[in-house]
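# Examining the three-dimensional arrangement
The chain contents come next:
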Amino acid sequence: MSEPAAPKPFKSYWTAAGFRAGAIATLPLMPGLFAFGMAFGTVAARKGFSLFDAVIMSAVVFSGTAQIIVVDAWPSEITAATTFAATVATFVICSRFILVSAAMQPLLGRLPARQVYPFLHFLVEPPWLLAARYQREGGDDPGFVIGSAAVCWVVWVVSTAPGYWLGSAVDPLTFGLDMVMPAFFMAMLVPLWQGPRMAAAWAVAGVVAVAADLTLGGFWYVVLGALAGSLVGAFVEERA
């Protein structure tokens, strides 16, 4: 009797084929991401940012939700207090990436640290969601998530400029750009659907986030909703 095959190890390197597969898998999301980037550009334009400032912020910060919320609340006068408030808001909103990066550890953990840690700047929700499905289907090439993230970064930076020009000329509400962000995140949930059992975590996260927004205000709904959903998801997965 032959011995059972050993588990297939994860790659300790990434390939051009994996990079290309990740980039191609991301293309269907690009219209939504482009519209999302334009929404940020319109907010930046109406707050008096220069085009250069807006594009550089997209390239360096690369966090759509944080950029839109912080810029929308941008003070007329920069002080130590307003700078601190913007820093705290950005930290709270971006704390979700702690969970995102932890979820990518099985795929990225075998890469050298010199490759992983610089890349984490580019790890946002679309690559994470696509890579989660990719892993469930047996994929093990870290290049997949790297290629996906590269496409997202380029599209996000490029889309800022047309949004800026549009916002300088017209009211973005006329085109419904205020609905781009929630619609974009709703669409990104589709690749993660695993049936009603795991949807319990989504429901709990949504309820807790809404309750936190109504009772605490600020950006606590981001942290509390994410933590509640993660705990319920872990519990359901463990029971399964």
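Residues numbered from 1 in each chain as written. Predicted model: local features only at pLDDT ≥ 70, side-chain atom pairs only at ≥ 80, totals over all residues. Heavy atoms only, no water.

## Re the overall build of the protein chain
Across its full length, the protein chain carries 13 helices and 0 strands. The linear arrangement of helices and strands in the protein chain, starting from the amino end, is α-α-α-α-α-α-α-α-α-α-α-α-α. Counting across all 240 residues of the protein chain, residues that qualify as buried make up 42%. Within the protein chain, contacts between residues separated by at least 24 positions form 82% of all contacts whose residues are at least 6 apart in sequence. Only carbon and sulfur atoms are counted for the fraction: they give 70% of the accessible area of the protein chain, which is about 13,200 Å². (Helix = DSSP H or I, 4+ residues; strand = E, 2+ residues; numbered from the N terminus. Buried < 20%, exposed > 50% of the residue type's maximum accessible area, 1.4 Å probe, protein only. Contact = heavy atoms within 4.5 Å. Areas by Shrake-Rupley, 256 points an atom, 1.4 Å probe, with all protein chains shown as cover.)

## Side note on the confidence of the model for the protein chain
Parts of the model with low pLDDT should not have their predicted coordinates read in detail. Here the protein chain averages 81 in pLDDT, while 82% of its residues score no lower than 70. Mean pLDDT in the protein chain bottoms out at helix α11 (residues 180-188), which sits at 64, and peaks at helix α3 (residues 51-60), which reaches 93. (pLDDT = per-residue confidence, 0-100.)

## Quick word on the nonpolar core
In terms of nonpolar packing, the biggest core is built from 42 residues, with Met30, Phe40, Val71, Phe119 and Val145 touching the most fellow members. If you tally residues by element for this core, the top one is helix α10 (residues 143-169), at 9 residues. (Core = buried A, V, L, I, M, F, W, Y, C linked by side-chain atoms within 4.5 Å.)

## Things to note about the packing of helix α6 (residues 96-103) against helix α9 (residues 125-136)
Their axes nearest at 10 Å, the elements α6 and α9 cross at an angle of 30 degrees. What the angle tells us is that α6 and α9 run roughly parallel. The crossing of α6 and α9 is left-handed. Listed contacts from α9 to Arg96, Phe97, Val100 and Ala103 of α6 are Glu125, Trp128 and Gln135. (Axes fitted to C-alpha atoms, helices over the stretch in contact; angles between N-to-C directions. Parallel < 35°, antiparallel > 145°, perpendicular 65-115°, else oblique. Left-handed = near helix turned anticlockwise from the far one by under 90°.)

## Digging into the packing of aromatic side chains
Scanning the entire structure with this criterion turns up 7 aromatic pairs. Between tryptophan 14 and phenylalanine 19, the aromatic rings sit 5.8 Å apart at their centres with planes inclined by 35 degrees, giving tilted as the arrangement. These aromatic residues form a ring-pair network of at least three members: Phe36, Phe40 and Trp156. (Phe/Tyr/Trp six-rings, centres within 6.5 Å; stacked < 30°, edge-to-face > 60°.)

## Re a nonpolar patch on the surface
Together, Phe52, Ile56, Val60 and Val61 make up a nonpolar patch on the protein surface, roughly 380 Å² of accessible area in all. In this fold, valine 60 is placed in helix α3. (Patch = residues over 30% accessible without salt bridge, like charges linked within 9 Å, V, L, I, M, F, W, Y side chains within 5 Å. Salt bridge = Lys/Arg side-chain N within 4 Å of Asp/Glu carboxyl O.)

## Things to note about α3
Turning to α3, its buried residues are Ala54, Met57, Ser58 and Ala59. Phi for phenylalanine 62, located one or two positions after α3, is positive at around 50 degrees.

## Describing the side chain of threonine 26
Relative to the assigned elements, threonine 26 resides in helix α1 (residues 16-26). Apart from the residues within four sequence positions on either side, threonine 26 is in contact with Leu130, Ser148, Val151 and Cys152.

## Looking at the environment of serine 63
Relative to the assigned elements, serine 63 resides in the loop between α3 and α4 (64-72). Judged by its relative accessible area of 2%, serine 63 is buried. Apart from the residues within four sequence positions on either side, serine 63 is in contact with Cys94, Arg96 and Phe97.

## What to know about the side chain of glutamine 67
Assignment of secondary structure puts glutamine 67 in helix α4. At a separation of 3.3 Å, a polar atom in the side chain of glutamine 67 contacts the side chain of serine 58. (Polar contact = N/O pair within 3.5 Å; in protein donor to acceptor, adjacent residues only side chain to side chain.)

## Looking at unusual backbone geometry
Here the phi dihedral of phenylalanine 62 falls at roughly 50 degrees; this positive angle occurs in a residue that is not glycine. Checked against the element boundaries, phenylalanine 62 lands in the loop between α3 and α4.

## A few points about α6
Every buried residue of α6 is accounted for by Arg96, Phe97 and Val100. Take α6 and look down its axis: the buried residues cluster within an arc of 90 degrees, on one side only. Of the exposed residues in α6, the ones pointing more than 90 degrees away from its buried face are Ile98 and Ala102. Residues of α6 that are buried in the fold lie against α4, α5 (80-94) and α9. (Arc of directions from axis to C-beta.)

## Some points on the packing of α4 against α5
One way to put it is that α4 packs onto α5 with a least axis distance of 9 Å and a crossing angle of 150 degrees. Classified by the angle their axes make, α4 and α5 are roughly antiparallel. The handedness of the crossing between α4 and α5 comes out as right-handed. Taken together, the residues of α5 that come into contact with α4 (itself represented by Thr65, Ala66, Ile69 and Val70) are Ala86, Ala89, Thr90, Ile93 and Cys94. For the contact of α4 with α5, the residue count by class is 7 nonpolar, 2 polar and no charged. (Nonpolar A, V, L, I, M, F, W, Y, C, P; charged D, E, K, R; others polar.)

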